[in-house]
Amino acid sequence: MQFDGEELSFRRVFNYVFGLYLITLGVAFSIKSGLGSAPVSSIPYAMDLIWLINIGVATFIFHAFLVLIEWILLRENFKRKHFFQVFVGVLFGVFTSFSVSLMNFIPPADSFLIALFLSVLSILFIALGLFFYVPTNLIPLSVEGVTQAIAIVTDRPFPRIKVYVDITIVLSALALSYGFLGQFGSVGLGTVLGALFIGTTVKFIHRLNLHLTGTHVDLKKM
């Protein structure tokens, strides 16, 4: 069976689903840390805090907005499959809820060092998830979709653009939270660390994989 000109193999589908799930584990660790949400969920969470929009609905709106930006950037290179990024966000939401429930067995972080450790785990899981699912060239989350679009248009490496996109998302969430609530809201130290280091960690994992396997993984394929 073919999908987008490539064989829809078990390994391809497994890497896609497994990568998405790793990202939601990273989001769950970030929430558990108490140091702010992961960058990917900071704007929907801010919308929830400000306008009391259900986090699932807020995520849907946010993803739809990013798909619109991607469409503007890619123009004739925008594929019909990319519209389904909005609905992949629903699967992402289900995975996130399940991952957060798994964190119930972990006691709340009662020290800054434990909270920081959970934030580091969050960064690692999200970066590893990106490394698995993005190269499958199926249907990315809109955050990665718009990152790929910018990387293609600017001819810059995906990991570097990932840092810029995450920083932009976090600054936008901070502006929303502070502008409407007068406080940081969904943004904390863990959010900032995620914005700065998730892309860099993806780059490190890519280099490590290249060194160990000799295989180059195309993170801009879409």
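This one's a predicted model, so the numbers in the text were calculated from it and none came from an experiment.

Undergrad: Even after reading the chapter, I still don't get the confidence of the model for the protein, so can you show me in this structure?
TA: Low pLDDT means the predicted coordinates in that region are not meant to be read closely. When the pLDDT values of the protein are averaged, the result is 87; 96% of them are 70 or greater. When the elements of the protein are averaged for pLDDT, strand β1 (residues 2–3) gives the smallest value, 58, and helix α5 (residues 112–133) the largest, 94.

Undergrad: How should the side chain of Thr 147 be read in this particular structure?
TA: By the secondary structure assignment, Thr 147 is in helix α6 (residues 142–154). In contact with Thr 147, not counting residues within four places along its chain, are Phe 158, Ile 161, Lys 162 and Val 165.

Undergrad: Is there a simple way to explain helix α7 (residues 158–181) in this structure?
TA: Because each turn of an α-helix spans 3.6 residues, side chains separated by three or four positions end up pointing in the same direction. An ideal rise of 1.5 Å per residue puts 34 Å on 24 residues; α7 measures up with 33 Å between its terminal C-alpha atoms. Residues Phe 158, Pro 159, Ile 161, Lys 162, Val 163, Val 165, Asp 166, Ile 169, Val 170, Ala 173 and Ser 177 constitute the buried set of α7. Immediately beyond the C-terminal end of α7, within one or two residues, lies Gly 182, with a positive phi of roughly 70°.

Undergrad: Can you walk me through the environment of Ser 42 in this structure?
TA: For Ser 42, the position within the fold is in helix α2 (residues 39–51). Linking Ser 42 and Ser 177, residues 135 residues apart in sequence, is a C-alpha distance of 9.8 Å. Non-local contacts of Ser 42, meaning those with residues more than four positions away in its chain, are made with Ser 37, Ile 169, Val 170, Ala 173, Ser 186 and Thr 191. Engagement of the side chain of Ser 42 in a polar contact is seen with the backbone oxygen of Pro 39, the distance being 2.9 Å.

Undergrad: Is there a simple way to think about the environment of Leu 102 in this case?
TA: By the element assignment, Leu 102 lies in helix α4 (residues 85–102). Considering only alpha carbons, one finds Leu 102 and Gly 26, 76 residues apart in sequence, at a separation of 12 Å.

Undergrad: Would you explain empty space enclosed by the protein in this entry?
TA: One way to see where empty space is left: roll a probe the size of a water molecule over the atoms. With the rule as written, the count across this model stands at 3 cavities of 30 Å³ or more. Looking at the largest cavity, its volume works out to about 70 Å³. Secondary-structure elements contributing two or more residues to the lining of the largest cavity are α2, α5 and α7.

Undergrad: What is the right way to look at the packing of aromatic side chains in this model?
TA: Taken as a whole and assessed by the stated rule, the structure comprises 13 aromatic pairs. Taking 6.0 Å as the distance between ring centres and 25° as the angle between the ring planes, the aromatic pair formed by Phe 10 and Phe 14 counts as stacked. Taken together, the residues Phe 10 and Phe 14, both in helix α1 (residues 10–33) and 4 residues apart, mark about one turn of the helix. Summarising the aromatic geometry, the rings of Phe 14 and Phe 18 are spaced 5.4 Å apart at their centres and angled 10° between planes, so their arrangement reads as stacked. Highlighted residues: Phe 14 and Phe 18, both in helix α1, separated by 4 residues, approximately one helical turn. The rings of Phe 10, Phe 14, Phe 18, Phe 131 and Phe 132 are connected pair by pair, giving a single aromatic cluster.

Undergrad: Looking at this model, I keep getting lost on a positive patch on the surface. Mind explaining?
TA: Residues Arg 156, Arg 160, Lys 203 and Arg 207 make up a contiguous surface patch of positive charge. On the secondary structure map, Lys 203 appears in helix α8 (residues 189–213). The partly exposed category is assigned to Lys 203, whose relative accessible area is 38%.

Undergrad: I keep staring at a nonpolar patch on the surface and nothing clicks. Help me out?
TA: A surface patch of nonpolar side chains, about 770 Å² in accessible area, is lined by Val 57, Phe 60, Ile 61, Phe 83, Phe 84, Phe 87, Val 90 and Val 94. Sorting the residues of the nonpolar patch by element identifies α3 (55–74) and α4 as the ones contributing at least two each.

Undergrad: What should I look at first to understand the packing of α1 against α4 in this one?
TA: Each pair of packed helices can be described by the angle between their axes along with the distance between the axes. Two numbers describe how α1 lies on α4: the axes approach to 8 Å, and their chain directions differ by 50°. The angle between the axes of α1 and α4 places the two elements in the oblique class. Read as a crossing pair, α1 and α4 show a hand that is right-handed. Every residue of α4 that contacts α1 at Tyr 16, Val 17, Leu 20, Tyr 21, Ile 23, Thr 24, Leu 25, Val 27, Ala 28 and Ile 31 is listed here: Val 88, Leu 91, Phe 92, Phe 95, Thr 96, Phe 98, Ser 99, Val 100 and Leu 102. Of the residues that constitute the contact of α1 with α4, the class distribution is 16 nonpolar, 3 polar and no charged.

Here is what the cut-offs are and how they apply
- Residues numbered from 1 in each chain as written.
- Predicted model: local features only at pLDDT ≥ 70, side-chain atom pairs only at ≥ 80, totals over all residues.
- Heavy atoms only, no water.
- pLDDT = per-residue confidence, 0-100.
- Helix = DSSP H or I, 4+ residues; strand = E, 2+ residues; numbered from the N terminus.
- Contact = heavy atoms within 4.5 Å.
- Expected span 1.5 Å × (residues − 1).
- Buried < 20%, exposed > 50% of the residue type's maximum accessible area, 1.4 Å probe, protein only.
- Polar contact = N/O pair within 3.5 Å; in protein donor to acceptor, adjacent residues only side chain to side chain.
- 1 Å grid on protein atoms, 1.4 Å probe; cavity = no way out; pocket = protein on both sides within 12 Å on 5 of 7 lines; lining within 4 Å.
- Points joined across faces, edges and corners; volume = space filled by probe spheres on them.
- Phe/Tyr/Trp six-rings, centres within 6.5 Å; stacked < 30°, edge-to-face > 60°.
- Patch = residues over 30% accessible without salt bridge, like charges linked within 9 Å, V, L, I, M, F, W, Y side chains within 5 Å.
- Areas by Shrake-Rupley, 256 points an atom, 1.4 Å probe, with all protein chains shown as cover.
- Salt bridge = Lys/Arg side-chain N within 4 Å of Asp/Glu carboxyl O.
- Lys, Arg positive; Asp, Glu negative; His and termini not counted.
- Charge placed at Lys NZ, Arg CZ, Asp CG, Glu CD.
- Axes fitted to C-alpha atoms, helices over the stretch in contact; angles between N-to-C directions.
- Parallel < 35°, antiparallel > 145°, perpendicular 65-115°, else oblique.
- Left-handed = near helix turned anticlockwise from the far one by under 90°.
- Nonpolar A, V, L, I, M, F, W, Y, C, P; charged D, E, K, R; others polar.

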